[in-house]
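# Tertiary structure, described
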Amino acid sequence: MKKNNRFIIETKSLTKKYDGKAVLDNLNLAVAEGEIFGFLGHNGAGKTTTVNILTTLLVPTSGSAEICGFDTVKGSMEVKKSIGYLPENVKFYDNLTASENLEYFAKLSGIKNSKEKVTEVLEFIEFTGIEHKKLGEFSKGMRQRIGIAQAIMHEPKVLFLDEPTSGLDPMGIKKLREVILKLNREKRMTIFMNTHLLSEVAKVCTTIGVLNHGKLVYKETLENMLKRFSDEESLEDIYFTIGE
Amino acid sequence: MPIIFTIAIQEVKVLFRERVFFLLLAIFILMTLASSFIGLVATTTTTSIYNASVEFLHQAGTDNIPANPLNALPALTNFRNVIVYIFLIGSLLAIVVGHRSFIRERKSGALPLLLTRPILAEKLFFGKVLGISLALFAIISATFIVSVFSSLLLPFRHLVASDIERLFLFYALSFFYLLFFALVGLLFAIKTKSESLALFVPVCIWVGISFVLPELVSGQTPTALLNPVTMDQVAPDGTFFALMRTYLGPLSLGWHYTSFSSQLLNNSLQITNAGIGSALRDNSGKLFILLIAIGVCLSLCFYSIRNYTIQEENIYE
């Protein structure tokens, strides 16, 4: 795990309310460069809202969030240049081929030699031979890998993944996990991963944060957490202990 | 390539791969061919009746027989049904084009990917509008070409240069009329939360513009309104219709479209004698109102895209 003192993701008293109801409540979170951060929480805890704010899709009600030192509201353009994002259940343009989809997003990211870049990225994630197939013919796992490809095309510093393994079969999960680890090791990408699959967290993440009803109730490196809760039988037991 | 063109080309590319586009194109071309065919049948039937009448009158000893009245009508008269098709069906289909332009990305989950790219909302907006315009332009151009070639089916009257000029003007006017409805479709695809509501509201607007407003202004029944007549109808006497005509008349886009189109395709005297320039001058107010309506829709779409955030129901976990 690469560690330094610089936080690449930082939120200060981040709050988001809908109709007066706080979905995020004074969230203070810091993620260091090079980490694979697993953001855990039950359904409705506020994980996706956090990612939506960090990816500039939502404006917080109060507080602030910074990516690479840029405010997500005031410096949204700079933030967008620094991030890659894969939402949950993205289907892209079904009638276009994989390479047509990827070339479009490459062009939107300002990449001039989009064709070459698509080939390079697909080779990096070891997903070649599918370039000319329409996305409508792809399985969920294949779409997720295309999703990863579009997210890393412009070589962002931070990659946000929202429930990336949701709905995937074991082989799809394994392949996606390998890609995530490769991105972190070889491209030095910081990865922020929303999930509620504890088994995936244990295999991939270096640090975890637990969100409960919009509040960060726990944040620790995986290594320290396992030491602290050495009495618990499984990661699931640790999660429930933290939740209590 | 500038981002606006990238987005516009993507818009056209995606639309061209969808069945809805080919359905749209097929309907427009079939409408044009149907109009030509109806014109051909009507002309042939009327001419055969005229010829039979001439023969009968000759046998009765009458020599002073008037010329075939059909010859006095311009060849474009055969296309007058296209006005009704575009007015009714074309505008409805244009709503679908605008609607699909934004709903497609909302449904597929590609919208968050677009909104997290380092592109200004303005560029996304202009790219989408350009893409929609290109798609409509392609449909209208194909229909125009089919119209010109289908005129060869008419054995008695072929199009001359001035006819083609008028036909071109008619399709240019139709393009702007369709663009208005496509923008209405786009606007509500951005503004409303549910997909069905995003289609329902523009259809209500379509009903209002196609039927309710013209009826209020003219006092005619909806069926009578579909007649592509050349002259503006005089509203029935009465304070109500007089007020409606004064205040709602200028807003009646459908009424403006049909009356101007009818002048272009139907009325040989007004257009042929006075020229297209004169017809444009006479109808400049109607054109201006149509362009204002497009401008208003563009502004509302622009404002909506700039202030668009992912809908709450999508972001709640």
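About the thresholds
- Residues numbered from 1 in each chain as written.
- Chains lettered and ligands numbered in written order.
- Predicted model: local features only at pLDDT ≥ 70, side-chain atom pairs only at ≥ 80, totals over all residues.
- Pairing = 2+ DSSP bridges.
- Helix = DSSP H or I, 4+ residues; strand = E, 2+ residues; numbered from the N terminus.
- Axes fitted to C-alpha atoms, helices over the stretch in contact; angles between N-to-C directions.
- Contact = placed C-beta atoms within 7 Å.
- Expected span 1.5 Å × (residues − 1).
- Buried ≥ 20, exposed ≤ 12 C-beta atoms within 10 Å, placed from the backbone.
- Arc of directions from axis to C-beta.
- pLDDT = per-residue confidence, 0-100.
- Nonpolar A, V, L, I, M, F, W, Y, C, P; charged D, E, K, R; others polar.

### Examining the sheet that holds strand β8 (residues 190-195) of chain A
Residues and elements named next belong to chain A. Taken in spatial order, the 6 strands line up as β6-β7-β8-β3-β9-β10 in an open sheet, and their pairing is mixed. The strands lining the two open edges of the sheet, one partner per strand, are β6 (83-86) and β10 (215-221). Here the strands of the sheet are splayed against their neighbours by 15 degrees on average, with no regard to which way each runs. Of the strand pairs in this sheet, strand β3 (residues 36-41) and β8 are connected by 5 bridges, and their pairing is parallel. The residue of β8 that forms the bridge with Phe39 is Asn194. Strands in contact with helix α5 (residues 140-152) are β6 and β7 (158-162); relative to β6, the strand with the most contacts, it is inclined by about 165 degrees.

### A look at helix α1 (residues 3-16) of chain B
For α1(B), built from 14 residues, the straight-helix expectation of 20 Å at 1.5 Å per residue is met to within 8% by its first-to-last C-alpha distance of 20 Å. For α1(B), the full list of buried residues reads B:Ile4, B:Ile7, B:Ala8, B:Gln10, B:Glu11, B:Val14 and B:Leu15. One side of α1(B) carries all its buried residues, which in axial view fall inside an arc of 160 degrees. On its buried face, α1(B) is in contact with α3 (98-108) of chain A together with α2 (19-59), α3 (80-108) and α5 (121-150) of chain B.

### Some points on the confidence of the model for chain B
On average, chain B scores 83 in pLDDT, and the residues at 70 or more come to 88%. Confidence metrics for the complex model read pTM 0.86 and ipTM 0.88.

### A look at the interface of chain A and chain B
Facing 32 residues of chain A, the contacting portion of chain B comprises 22 residues. For the side of chain A that touches chain B, the secondary structure elements donating two or more residues are α1 (47-54), α2 (76-82), β6 and α3 of chain A. Here the residues of the side of chain A that touches chain B are counted per class, giving 15 nonpolar, 12 polar and 5 charged.

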